[in-house]
Amino acid sequence: MAFPKVAKVMIKRAFILFLMVLVATYITVIVANAGGYIDKIEISSIKLKISQTVNGNPAYKGLSLEERQKLIDKLSQIEIRSRGLDQPFLIRSFRYLWKAITLDLGRATVLTSDSGSRSVRIIILERLPQTILLFTTATVINFFIGLFGGLYLSRKFGSFWDKLVIYLSPTSAIPGWFYGIFLILIFYTWLHVLPPGGLVDYPPPTDSIAFFLSVLKHMILPLASWVIASFFIGIYSNRSFFLTYSTEDYVEVAKAKGLSPRQIERRYILRPALPPIITSFAFAVVFSWSGAIITETVFNWPGLGLTYYRAIGVFDVPVIVGITVVFAYLIAATVFLLELIYGIVDPRIRAGQGGGL
Amino acid sequence: MSVSEEYSLRGIIRELLHYKSAVIGLLILLFLVGISAYAIFFTPYSKSGQLWNEREIWLKYPKNAAPEWVNYFSSKKLPRTIFLGHRKEGHSEEKLRNGAITELIYTDKFYFDADDFPDDIIIFVNATYARSRPKMEVYWTKPSGDTLYLGKYTLRNGTNRIYLTNNVRLEGDLAEHVIKKIGKKPNFVISLNRALFISYNGKLETEKGRYSARLKFTLRNEGDKVSYETVIYGKVYGIAGTDDQRRPLDLGLIWGAPIALAFGITASLIISFVQLIIAAISGYYGGRVDSIIQRLTEVYMILPFLPILIMISLLYGMSLWKLLLMVILLSIFGTSVKTYRVWTMQIKSYPYVEAALAYGAGNMRIILLYIVPRLLPPIVPTLVLSIPSYVFLEAALSFLGLSDPNVVSWGRIVEEAFSGGALYKGYYHWVLMPSIMLVLTAISFALIGLALDRIVNPRLREM
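**Student:** In this structure, what is going on with the overall build of chain A? I would like to understand it.
**Tutor:** The helix and strand inventory of chain A stands at 13 helices and zero strands. Listed by position from the N terminus, the elements making up chain A come as α-α-α-α-α-α-α-α-α-α-α-α-α. Computed over the C-alpha atoms, the radius of gyration of chain A is 27 Å, more than 25% above the 21 Å expected from 2.2 N^0.38 for a compact globule of 357 residues. Along the longest, intermediate and shortest principal axes, the C-alpha atoms of chain A span 100 × 60 × 40 Å. The proportion of buried residues among the 357 residues of chain A is 47%. Restricting to contacts in chain A with at least 6 residues of sequence separation, those with at least 24 account for 68%. Counting only carbon and sulfur atoms, one obtains 68% of the accessible surface of chain A, whose full area is about 18400 Å². Positive and negative charge centroids in chain A, built from 34 and 21 side chains respectively, lie 5 Å apart.

**Student:** Even after reading the chapter, I still don't get the pattern of salt bridges, so can you show me in this structure?
**Tutor:** Close approach of charged atoms allows side chains with opposite charge to pair. Residues and elements named next belong to chain B. In total, this model carries 21 salt bridges over all chains according to the counting rule given. Aspartate 113 serves as the salt-bridge partner of lysine 77, at 3.5 Å between the closest nitrogen and oxygen. Of this pair, lysine 77 sits in the loop between α4 (70-73) and β1 (82-85) while aspartate 113 sits in the loop between β3 (101-112) and β4 (121-128), and the two are 36 residues apart along the sequence. Between aspartate 115 and lysine 208 there is a salt bridge, with its nearest N and O atoms 2.6 Å apart. Remark: lysine 208 occurs in the loop between α6 (192-197) and β8 (209-219) and aspartate 115 occurs in the loop between β3 and β4; sequence separation between them is 93 residues.

**Student:** Mind showing me how you'd approach the layout of surface pockets here?
**Tutor:** Which parts of space are left empty comes out when a probe the size of a water molecule is rolled across the atoms. All names here are of chain A. Its volume calculated, the second largest pocket comes out at about 1000 Å³. Lining the second largest pocket are 30 residues; nearest its centre among them are Glu42, Arg83, Arg107, Thr109 and Pro318. Taken together, the elements giving at least two residues each to the lining of the second largest pocket come down to α2 (37-56), α4 (89-101) and α12 (317-345). Sort the elements by how many residues they give to the lining of the second largest pocket and α2 lands first, with eight residues.

**Student:** Sorry, what's going on with the interface of chain A and chain B here?
**Tutor:** Contacts between the two partners involve 58 residues from chain A and, on the opposite side, 45 residues from chain B. Taken together, both faces of the contact between chain A and chain B bury some 4600 Å²; the carbon and sulfur share is 83%. Viewed at the interface, chain B and chain A are joined by two residue pairs in polar contact (both at pLDDT 80 or more). Among the elements of the structure, α1 (2-32), α7 (176-190), α8 (208-246), α10 (261-299), α11 (304-314) and α12 of chain A are those that each provide at least two residues to the side of chain A that touches chain B. The leading source of residues in the side of chain A that touches chain B is α1 of chain A, at twelve residues. Within the side of chain A that touches chain B, the residues separate by chemical class into 45 nonpolar, eleven polar and two charged.

**Student:** Would you mind going over a nonpolar patch on the surface with me for this structure?
**Tutor:** All names here are of chain A. There is a patch of nonpolar side chains on the surface, built from Tyr152, Phe160, Trp161, Leu164 and Leu168 and spanning about 490 Å² of accessible area. The element best represented in the nonpolar patch is helix α6 (residues 160-168), accounting for four residues. A relative accessible area of 56% means that phenylalanine 160 is categorised as exposed.

**Student:** Help me understand the side chain of threonine 307 of chain A in this model?
**Tutor:** Residues and elements named next belong to chain A. Take threonine 307: it is sitting in helix α11. Classification of threonine 307 as buried rests on a relative accessible area of 7%. Threonine 307 has contacts with Leu111, Ile123, Arg127, Val319 and Ile323, leaving out every residue within four places of it along the chain.

**Student:** What is the right way to look at the nonpolar core in this model?
**Tutor:** One broad trend across soluble globular proteins is that nonpolar side chains are buried collectively. Counting 171 residues, the largest nonpolar core has Trp177, Ile181 and Val298 of chain A together with Ile302 and Ile310 of chain B as its most contacted members. Counting residues per element, this core draws most heavily on helix α13 (residues 363-399) of chain B, which supplies 19 residues. Listed in part, the 41 residues of the second largest apolar core include Leu84, Leu170, Leu192 and Tyr228 of chain B.

**Student:** Help me understand the sheet that holds strand β2 (residues 91-98) of chain B in this model?
**Tutor:** Paired through their backbone hydrogen bonds, the strands of a sheet run either parallel or antiparallel. All names here are of chain B. Taken together, the five strands give an open sheet; going across it, the order is β2-β3-β8-β5-β6, and neighbouring strands pair in antiparallel fashion. On the outer flanks of this sheet lie β2 and β6 (147-154), each paired with one strand and no other. On average, each strand axis in the sheet is tilted by 15° relative to the strand beside it, whichever way the strands run. Here six bridges tie strand β5 (residues 135-141) to β6, and the two strands are oriented antiparallel to one another. The residue of β6 that forms the bridge with threonine 141 is threonine 147.

Thresholds applied
Residues numbered from 1 in each chain as written. Chains lettered and ligands numbered in written order. Predicted model: local features only at pLDDT ≥ 70, side-chain atom pairs only at ≥ 80, totals over all residues. Heavy atoms only, no water. Helix = DSSP H or I, 4+ residues; strand = E, 2+ residues; numbered from the N terminus. Rg over C-alpha atoms; globule rule 2.2 N^0.38 Å. Buried < 20%, exposed > 50% of the residue type's maximum accessible area, 1.4 Å probe, protein only. Contact = heavy atoms within 4.5 Å. Areas by Shrake-Rupley, 256 points an atom, 1.4 Å probe, with all protein chains shown as cover. Lys, Arg positive; Asp, Glu negative; His and termini not counted. Charge placed at Lys NZ, Arg CZ, Asp CG, Glu CD. Salt bridge = Lys/Arg side-chain N within 4 Å of Asp/Glu carboxyl O. 1 Å grid on protein atoms, 1.4 Å probe; cavity = no way out; pocket = protein on both sides within 12 Å on 5 of 7 lines; lining within 4 Å. Points joined across faces, edges and corners; volume = space filled by probe spheres on them. Buried area = accessible area lost by both parts, 1.4 Å probe. Polar contact = N/O pair within 3.5 Å; in protein donor to acceptor, adjacent residues only side chain to side chain. Nonpolar A, V, L, I, M, F, W, Y, C, P; charged D, E, K, R; others polar. Patch = residues over 30% accessible without salt bridge, like charges linked within 9 Å, V, L, I, M, F, W, Y side chains within 5 Å. Core = buried A, V, L, I, M, F, W, Y, C linked by side-chain atoms within 4.5 Å. Pairing = 2+ DSSP bridges. Axes fitted to C-alpha atoms, helices over the stretch in contact; angles between N-to-C directions.

Honestly, that's just the spatial picture; any functional story needs more than this.
And the structure:
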């Protein structure tokens, strides 16, 4: 009986989320084209290219300067119209939106994929796994450290370790990429034990086990930087969170009933605390992908973030827009997944009362 | 967190001083504010960006020098920069006239006791002459009494820069001289700066003691003038060292302080206030206004913040303050709006709000004077705690090379260190000094913010 209600809620939410993605992508498109500015650059580059080919073509040598100019204008007009650049920006912006939404991301102007392709989609698909590998691993590690560390400290609050974590929690005001710089300084510049960045050794090992180990070695520092950055605050906030739940009246009742501490923890503390914890986990994952840009740049990790950084350097607008749209999709997917999980763990939503985040 | 706690802002601040960690945080903050005030009032701060980009004005600073305090921690003492010239200690002058020709002999004596060799030697000579060009001969006497001839240079009108250590022929001659003195070819390279300071015991060690540098100028016309300054570049400078373009980092760190504080605090303050007002409007009015605002926050949630911000600052090439505006615009519909909205809905039904409605207060009056002030205390910790994230946001954008070229920020110095290869060449100070400033800023606000959090949420305090 409950399931159709959940499904209805979910379909409704999926639809709303899709609309949100649409709006977000549209904003991205408008910003990325600088309100039509990029198109002007494109038009002038078309004109330049055509005038070069016309002037360089021996077949047109006999034409007078005026006739040649006329020819150039005509050919440019054809090219501009064939690319749809003669339409007003408003109409074009919707066309770009459609292309972005259907992930028809066009061709990069400068960057290429490792396989040599100019297709933005191929470039992104080639880089996405590395980003997901590194940052999802980091977020999962952080999640479990926070969860178990928090549970442990909530059991023995006021102890030495508890105080230590409280005192050290301000260290988490410093972001992961910044710790990364220190880690490179210590483990590469000073101690020479770990590589300063990259995905694998050069040349990459041919043997798959050696390859895996090499990737693992390169992952240590970026992972460590993210773990350090959220270690104390992760434990601290989870601990405070569990403590608030453990002072609830129903926990006291459970204690009075003589339930074991483990049972109390599982049934009366962890279960009600679960939805917010899942939310924070999902947002951590989402946040990690956009944070990837700087961390990947620091560690030269060949993922989406580094590609984004390179695209900035060479002003490759299709790649920039493409990656931004992919980020938007990833965030939307996470939000949707989150609601799906909520539907399972939160009885209020299961009952079909709806409600959002 | 709930809004029922009764706390005035003044009460919060008074209570803050009971926390040791908060006091430490406040002291660090005071230090940073002090530096900022110093930067604004005692340095040419308004021109800092231009000065930082200028190459010529930093010529008399050493290159890639470590901070001076490094010497306290290492057994090998690094040399400081030594300035020789008119009116400096150890300077003496002699004037010989021979018809129209004037010979000026300037001798500078100085004491050298560092264990490492200086980097470069540049002689800056200002010359004015009527017809024929003045000549300059350089002699170098070591504490042992060995005198080296460092060549003869013809001067132009105006400022001459004699890069003594770039003279390849002289380098070869001096290396031969040193090898002759030692008696065998040593297993290290004898560069010019080493030849001038090496002791002849066969090891790569400096000779300590009184050196003297003698410049002999030959002026051919009446009224010709020369003045000079010799700079023997050391390997340590100031409390923060210098970078690869000889810029003193301590100045950069001072100039970065107002930027970091202003950017972080302004961003955090404005974003929190605007979010609060938006949330109050959303929660108070309800209905269509509410649902529009809620949908907007959801769109904002999906907008990838950093990529969009990077894209905007790249495409529109923005100044720091426009960037700040963009950060604010991209954050005002953040997820906190949802939390604040729930609080507003609680407050809305409080008797004092109903009383205000009863006496006929307008909607905006109720929102701004009755609801927002009530919501302020619980958001103060969040506000303070989010300041470091904006400071680091600026640093991150600078790190990606998107900084305002007219602004000297700590992030920019870190970026310059990175692209200058500081991590690979081992110039630790270049990365560490600006990083320490960023860390100090972050820690200071975090300490204050966490203490505030405990004050405003007494539940945390008991535990």
